[in-house]
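A closer look at the structure
Residues per chain are reported as follows:
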Amino acid sequence: MPSFNQSIFYSTVFFLTGIPGFETYHAWIFIPFCCLYVIAISGNGMILFVIITESSLHEPMYYFLSMLSFTDLGLCLSTLVTMVGVFWFNAREISFDACIGQMFFIHGFTFMESSVLLAMAFDRYIAICNPLRYVTILTNSRIIKVGFAIVIRGTTALIPLLLLLKHLSFCGSHILHHSYCFHPDVMKLSCTDTKINSAFGLAIVISTAALDSVLILLSYVLIIHSVLSIASPEERKKAFGICVSHISAVVIFYIPMISLSLVHRFGKHAHPLVHTLIANIYLLIPPVMNPIIYSVKTKQIQKAMVKMVLSKII
């Protein structure tokens, strides 16, 4: 005979939420979301393809950009199934194990993207502050090691966090605030003590995204100091121009993530629509905007994309 906690664990089913109060219009509301998914998946897929196939883009900067596109692609695909299910088929139920799996990919790709942005900041720092040693420092073998380190860092810390979550009991409401599983959202539904889960989750965020943001800021302080020492205004403009795309990517990644974290921590009485809006911005805006930013601001990417499109047409 299973215990009470065991029966809860095995029978737990959560209910995902679309846009509260607009359930009748979900099919129509999802059309713009669908367009954003198409832009994100095709844009990041195209950047990955041109970097892999175009030999002129086989440089450290573009290798890191391909990692960014890979994480954005993974983040999109992690939520696509449940978003389509909720908005077009009213399939709101998700099992506990499926929820755990989705959280692993969502949070894993989020932490990996933070690490990639830090690696890109280091790349920009070396390119501007120590250009003569750029090729010798960022060799192909080191970039491969950085890639493996990013994957390991983004996933290993999540395993104990999600295992802790599996030991919680859920005996109250099973309705989530989003159309996908998000760790703080699931944890709030537990009717048992979650202090350890909260502390461990906070420690992971501090040791990954928070630490990365501080190191990125530090790298730009050093870059600005180096650029201001350049005598020529044209060279200063060129140096700052190199960093514009990366700074934009950092801003559109960290602001939605911080906003979503603040809403979950302090927005208990906020309207459910606020939770839904910020959650979808957090998920879709970085993957949609990053390919646009880099294809507009990076001439080499522009040329490679135009070349690829023309070759397909011809």
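What counts as what
Residues numbered from 1 in each chain as written. Predicted model: local features only at pLDDT ≥ 70, side-chain atom pairs only at ≥ 80, totals over all residues. Heavy atoms only, no water. Helix = DSSP H or I, 4+ residues; strand = E, 2+ residues; numbered from the N terminus. Buried < 20%, exposed > 50% of the residue type's maximum accessible area, 1.4 Å probe, protein only. Lys, Arg positive; Asp, Glu negative; His and termini not counted. Salt bridge = Lys/Arg side-chain N within 4 Å of Asp/Glu carboxyl O. Contact = heavy atoms within 4.5 Å. UniProt positions renumbered as here; feature names shortened; annotations may be inferred. Core = buried A, V, L, I, M, F, W, Y, C linked by side-chain atoms within 4.5 Å. Disulfide = S-S within 2.5 Å.

Right, let's talk about the side chain of E113 for a bit. Tracing the chain through its elements places E113 in helix α4 (residues 96-129). Of the buried charged residues, E113 lacks a salt bridge, with R153 as the closest side chain of opposite charge at 12 Å. Excluding residues within four positions of it along the chain, E113 makes contact with L68, T71, D72, L75, F253, P286 and N290.

Attention shifts here to the UniProt feature "transmembrane region" (unreviewed entry) in the protein. On the UniProt side, "transmembrane region" (unreviewed entry) is annotated at positions that read residues 25-51, 63-88, 100-122, 143-165, 199-227, 239-257 and 277-296 here. Between the C-alpha atoms that bound residues 63-88 the distance is 37 Å, and the span itself is 100% helix and 0% strand. Secondary structure content for residues 199-227 is 100% helix and 0% strand, while the C-alpha to C-alpha distance between its ends is 40 Å.

What the rule picks out here adds up to four salt bridges. Across the pair K307 and E54 runs a salt bridge whose closest N-O atoms are separated by 3.4 Å. Separated by 253 residues along the polypeptide, K307 in helix α12 (residues 299-313) and E54 in the loop between α2 (26-53) and α3 (60-89) bring together distant segments of the chain.

Counting residues in each nonpolar core, the largest one holds 79 residues, and the members touching the most others are F14, L117 and V186. The greatest single-element share of this core, amounting to 14 residues, is contributed by α4. Not counting chain neighbours up to four residues away, the residues in contact with L117 comprise L68, I216, H246, A249, V250, F253 and Y254.

Another aspect to go through is the environment of L117. Relative to the helices and strands, L117 resides in helix α4. For the pair L117 and M67, spaced 50 residues apart in sequence, the C-alpha separation works out to 9.4 Å.

Considering the arrangement of structural elements, one finds V306 in helix α12. With a relative accessible area of 47%, V306 lands in the partly exposed category. Distance in space between the C-alpha atoms of V306 and I19 is 38 Å, their sequence separation being 287 residues.

The next subject is the state of the cysteines. If you walk through the whole model with that rule in mind, you get two disulfides. Across the disulfide, C99 is cross-linked to C181 (sulfur-sulfur distance 1.9 Å). The chirality of the disulfide connecting C99 with C181 is left-handed, given an S-S dihedral of about -120 degrees. Within this pair, whereas C99 is found in helix α4, its partner C181 is found in the loop between α7 (158-166) and α8 (183-187), the two being separated by 82 residues in sequence.

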